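Here is what each chain is made of, one letter per residue.
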Amino acid sequence: MSGEKCCLGDEYDSRESPSSSGLQSFFLNPRRNWLAAQHYKALSKRFKKYGLRYDDLYDPMYDLDIKEALARLPREVADARNQRLKRAMDLSLKHEYLPEDLQALQAPFRSYLKDMLALVKQERGEREALGALPLYQRTIL
């Protein structure tokens, strides 16, 4: 995600894209904006209730780069992601939350997909720059 902003609390990415403004960085940085900090806390609290991570919410059917990045992850990481999603759906259907002791262990903004996704996007950008055909294309049926 080089050149993009990431507003995830302690993991705030201060790299600025050429088109980003100081005002935009103020609104997205939870260290500088009280509303962004409150939003961060609310998201963190909700993710902890279900034992999810922020990266679990990426949809592989929406973006093919995400699908490719998920396919390249180690099997243990992909299995842990699937287990978290299944547990969250099960808890949601039962109208329950994780026990408090397990909620305390959750780290909802620890990223496992960001590096692989950046690599996939970089490779796609290189292929486009070289004029090669894309590895995958979305077809709408």
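For clarity, every value in this text was computed on a predicted model and none was experimentally measured. As a convention, each chain's residues are numbered from 1 in the sequence order in which they are written. Only residues with pLDDT of at least 70 get local features here, since the model is predicted, and only at 80 or more are side-chain atom pairs given and counted; chain-wide, interface and lining totals rely on the full set of residues. Only hydrogens and water are set aside when side-chain values are computed; all heavy atoms of the structure are taken into account.

Student: Give a detailed account of the confidence of the model for the chain, specifying residues and quantitative values.
Tutor: Overall, the predicted model of the chain reaches an average pLDDT of 84, with 82% of residues at or above 70. Scored from 0 to 100, pLDDT records how confident the predictor is in each individual residue. Starting at the N terminus, helices and strands are each numbered in turn, a helix being any DSSP run of H or I of at least four residues and a strand any DSSP run of E of at least two. Per-element mean pLDDT across the chain ranges from 76 in helix α1 (residues 22–28) up to 97 in helix α4 (residues 75–94). Between two residues, a contact is recorded if the distance between any of their heavy atoms is within 4.5 Å. In the model, residues 1–19 has pLDDT below 50 throughout and makes 41 contacts with residues more than four positions away in sequence or in other chains.

Student: I'd like a description of the environment of Ala 36, backed by residues and values.
Tutor: Take Ala 36: it is sitting in helix α2 (residues 34–50). With 10 residues separating them along the chain, Ala 36 and Phe 26 place their C-alpha atoms 9.0 Å apart. Excluding residues within four positions of it along the chain, Ala 36 makes contact with Phe 27, Leu 28, Asn 29 and Pro 30.

Student: Tell me about the packing of aromatic side chains, and name the residues and values.
Tutor: In summary, the pairing rule links any two rings of Phe, Tyr or Trp, Trp by its six-membered ring, whose centres are within 6.5 Å, and it sorts them by plane angle into stacked for under 30 degrees, edge-to-face for over 60 and tilted for everything else. Under the definition given, this model contains six aromatic pairs. Each ring, one from Tyr 54 and one from Tyr 58, has its centre 6.3 Å from the other, and the planes form 85°; the classification is edge-to-face. Taken together, a centroid distance of 5.9 Å and an interplanar angle of 35° make the contact between Tyr 54 and Phe 109 tilted. With Tyr 54 in the loop between α2 and α3 (64–72) and Phe 109 in the loop between α5 (100–105) and α6 (114–130), the pair connects residues that are 55 residues apart, well separated along the chain.

Student: Describe the side chain of Asp 55, listing the residues and the values that go with them.
Tutor: Here Asp 55 lies in the loop between α2 and α3. Comment: no salt bridge for buried Asp 55; closest opposite-charge side chain is Arg 53, at 7.0 Å. Polar contact is defined as a pair of N or O atoms within 3.5 Å, subject to the rule that within protein one atom must be able to donate a hydrogen and the other to accept it, and that residues adjacent in sequence are counted only when both atoms are side-chain atoms. A polar atom in the side chain of Asp 55 sits 3.0 Å from the backbone nitrogen of Tyr 112. Looking at Asp 55, its side chain comes within polar contact range of the main-chain nitrogen of Leu 113, at 3.0 Å. Apart from the residues lying within four places of it in its own chain, the contact partners of Asp 55 are Arg 81, Ser 111, Tyr 112, Leu 113 and Lys 114. Only protein chains enter the calculation, and the probe is 1.4 Å; a residue is then buried if its accessible area is under 20% of its type maximum, exposed if over 50%, and partly exposed in between. The charge count includes Lys and Arg as positive and Asp and Glu as negative, but it does not include His or the ends of the chains. Salt-bridge detection follows one rule: a side-chain nitrogen of Lys or Arg within 4 Å of a carboxyl oxygen of Asp or Glu.

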